[in-house]
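# Report on the structure
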Amino acid sequence: MSKKFSGSTVLVIILAVCGFLFLYLPVVVVVMYSFNTDAISSFPMSGFTLKWYKAMFANTELIKSLRNSLIVAFIGTGLAILIGVPGAYGMYKLKFPGKKALEKMVILPMMLPGIITGITILSFLQLVGVVQGAFAVVLGHTTFLLGTVLPQVYTRLRQLDRNLLEASQDLGAGGAQTFFHVILPNIKTSVFGAALLSITLSLDEIPVTFFLNGVFTTLPIKIYGMTRNGFTPEINAICSLILLASVAAVIISNKLSAKEAV
Amino acid sequence: MEKKGAITLKNINKYYGKNHVLKDLDFEIRPGEFLSLLGPSGCGKTTILRLIAGLEYLDSGEIYMDEDRIDRLEPYKRNLNTVFQNYALFPHMDVYKNIAYGLKAKWLGHKEIDRRVKEAISMVKLEGFEKRQPSQMSGGQKQRVSIARAIVNQAPVLLLDEPLTALDLKLRKEMRFELRRLQKQLGITFIFVTHDQEEAIVMSDRIAVMNGGRIEQVGTPEEIYSHPASQFVAEFIGETNVFEAVAAVDGSELRLRMESGTASALNIKGVSDNEFVNCSVRPDAIRLSETPVEGFNIPGVVSECIFSGSFEKAIIRLVNDKEIKYTRLSGSKIPEPGTKVYVYWDKCDAEIMKTEGHIVHSQIEEVDLSAWNN
């Protein structure tokens, strides 16, 4: 069987390949250079080495900022889940005037430029007397992560048959019983997926953190600072590791959402 | 403990936005009866069920279960259960856990739960399906699970929201008898919402026919079929022929002047002279003769004969071009199309209904029948 492509099909394929290269070639280059023996980014590679990974792990400041980032990501995500899941459930369960408007408003933090979110949170925290530092960063991250957790969980809840909630009440289960025994088991994978996505988003967040961190340094801010004093292959190494973790998290998150949507 | 299960609705009003869906509803459901709420879609029958279950709030009125007022109680505090139209089984639980859910919610002991779940499973004939997930079951099986999940709680009232509509015809007919059997066996009140008049007639002790947020008539299936209280009921339950007429009182009888001729009926409802009425006659109560019968003069021509299994139907065209339906059991003699006939009926087979205020035909003129009589 012979395949014949028309001119327009060939054009589409070429454009698609270009688009794909444009997206992923830089990523491939970063991963490649993280194994390059030469400190100067040059092609072809002069040899294969793991020394940049060793150097990265030896860089205590870098590792400290990674630890800070992880702390912020996990606490921020935890808080966002604790507030966002009940919040989404309340929005789903209750009928109130302005519900439509609220549905649109909760995704606003996700749409707003980070710089706006950063400045608003900064001025608010100053108003209530929270100083810049770790605590402010955690609060800031919680706020913008809520904007991803709440809509994701809410979307999943809306796919849920409302009769399940009614059937549970009808069978004599109160609000808490219904939530833990009927609602949560049916949305748990989307909650987990939202948590994974939140962790990845938090780990590479700069604008909000930048306004709130004070002397508290997270990984992206540290990397940003390092690049200003010249680009070292250590950065390639840590970027490759973050990339690996992020891709894994996104794949797991997608798999879970797809599984639950059946 | 004596099981009761009477539901009393007092002066119920319900709005959806500006839409007045239930209008001053007053209605009593007797303990232990199989009551069907029957009506076209949008008549408010499901809303009544949801109000009783507590899944909607009343705008005004009161609901009582036996002597207790329940309309302010949360759904989980009401001693009744619902079978949902789409079953609403918990997808993450197997059959056993689905059925046990209500008992676990009441914190009963494991032994008691196990005994009652097994009893319910055997009542709906689902032995061996305990470990199945709802997604692995057919519609009919899911239906049984949802019924078992509701009756296992032994509440005195069961609400059923069109539970059979999603099933295929054969299964639907089987389930009618099973539900009826189950209701008698349990001795509890069933409130059954349906738009299928046949279903309601076959299953119910009493039927409440609803239209536009009101109850048009409550009665046994026999009463509703034979003595419909309104034109709507007459037309909704089975087929009927409705004649618009001007009445003249003649002793205990009525003489009816209609566009298509003259007829007679019994005056049971106290109709007065010159009142406009609707006269409903079922197709199986229509009689045909070759010559006019005393008290009747409705000439017509058989325009069509239809064979439909155990029945034969004919359409008879009257002088005002109105067509009426006529049915007989197959095998009985039906006149050929084209035959001239005179339509009449047994006077007690005609239901006279007063037309409430609105007069359909402002004038019903005397029709010149001489041309037909030749």
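Read on for a plain summary of the structure. Since the model is a prediction, treat every value here as computed from it, not as a measurement. (Residues numbered from 1 in each chain as written. Chains lettered and ligands numbered in written order. Predicted model: local features only at pLDDT ≥ 70, side-chain atom pairs only at ≥ 80, totals over all residues. Heavy atoms only, no water.)

## Quick word on the overall build of chain A
This is how the line gets drawn: Put simply, DSSP H or I for four residues or longer makes a helix, DSSP E for two residues or longer makes a strand, and each gets a number counted from the N terminus. What the globule rule says is 2.2 Å times the number of residues to the power 0.38, and the radius of gyration is computed from C-alpha atoms. Throughout this description, buried means an accessible area under 20% of the type-specific maximum (1.4 Å probe, protein chains only), exposed means over 50%, and partly exposed covers the range between. Between two residues, a contact is recorded if the distance between any of their heavy atoms is within 4.5 Å. In this tally Asp and Glu are treated as negative and Lys and Arg as positive; neither His nor the chain ends contributes. Where a charge lies is defined by one atom per residue type: Lys uses NZ, Arg uses CZ, Asp uses CG and Glu uses CD.
What chain A contains, in helices and strands, is twelve helices and zero strands. The C-alpha radius of gyration of chain A comes to 23 Å, more than 25% above the 18 Å expected for a compact globule of 262 residues. By its C-alpha atoms, chain A is 70 × 70 × 30 Å across when sized along the principal axes. Going through the 262 residues of chain A one by one, you find that 40% of them count as buried. Long-range pairs, those at least 24 residues apart, make up 72% of the contacts in chain A between residues at least 6 apart in sequence. Here chain A contributes 19 positive and 10 negative side-chain charges, whose respective centroids are spaced 4 Å apart.

## Examining helix α9 (residues 175–203) of chain A
Worth spelling out the cut-off: Multiplying 1.5 Å by the helix residue count minus one yields the expected span of that helix. Two axes enter the bend calculation: one fitted to the seven residues ending at the residue in question, the other to the seven starting there, and the bend is the angle between them.
Taking 1.5 Å per residue as the helical rise, α9(A) with its 29 residues ought to reach 42 Å, whereas the 35 Å between its terminal C-alpha atoms falls clearly short. Of all the bends in α9(A), the largest measures some 60 degrees and sits at A:Leu184, one to four residues before the proline A:Pro185.

## Points about the pattern of salt bridges
Residue and element names in this part refer to chain B. The criterion, for reference: In what follows, salt bridge is the name for a side-chain nitrogen of Lys or Arg lying within 4 Å of a carboxyl oxygen of Asp or Glu.
Within this structure, the stated rule accounts for 29 salt bridges over all chains. For Arg69, the salt bridge identified is with Asp71, shortest N-O distance 2.8 Å. For Arg69, a relative accessible area of 37% corresponds to the partly exposed category. What makes Asp71 buried here is its relative accessible area of 9%. Arg176 is paired through a salt bridge with Glu198; the nearest N and O atoms lie 3.3 Å apart. Placement of Arg176 in helix α5 (residues 169–186) and of Glu198 in helix α6 (residues 197–203) is noted, with a sequence separation of 22 residues between them.

## Considerations on unusual backbone geometry
Residues and elements named next belong to chain B. Non-glycine residue Asn11 carries a positive phi angle of around 50 degrees. When you line up the elements, Asn11 lands in strand β1 (residues 7–16). Even without being a glycine, Asn274 presents a positive backbone phi close to 65 degrees. Residue placement: Asn274 occurs in the loop between β13 (261–266) and β14 (276–281).

## Details of the sheet that holds strand β15 (residues 286–289) of chain B
Residues and elements named next belong to chain B. Note the threshold: Note on pairing: two strands pair once DSSP finds at least 2 bridges between them. Orientation is described by lines fitted to C-alpha atoms, with helices fitted over the stretch in contact, and by angles between N-to-C directions that extend from 0 to 180 degrees.
Pairing in this open sheet of five strands is antiparallel, and the strands run β15-β19-β16-β17-β18 from one edge to the other. Every other strand in the sheet has two partners, leaving β15 and β18 (323–329) as the edge strands with one partner each. Geometrically, the sheet is characterised by an average inter-axis angle of 45 degrees between neighbouring strands, direction not taken into account. Bridge count between strand β16 (residues 298–308) and strand β19 (residues 340–345): four bridges; the pairing is antiparallel. Of the residues in β19, the one forming a bridge with Pro299 is Tyr342.

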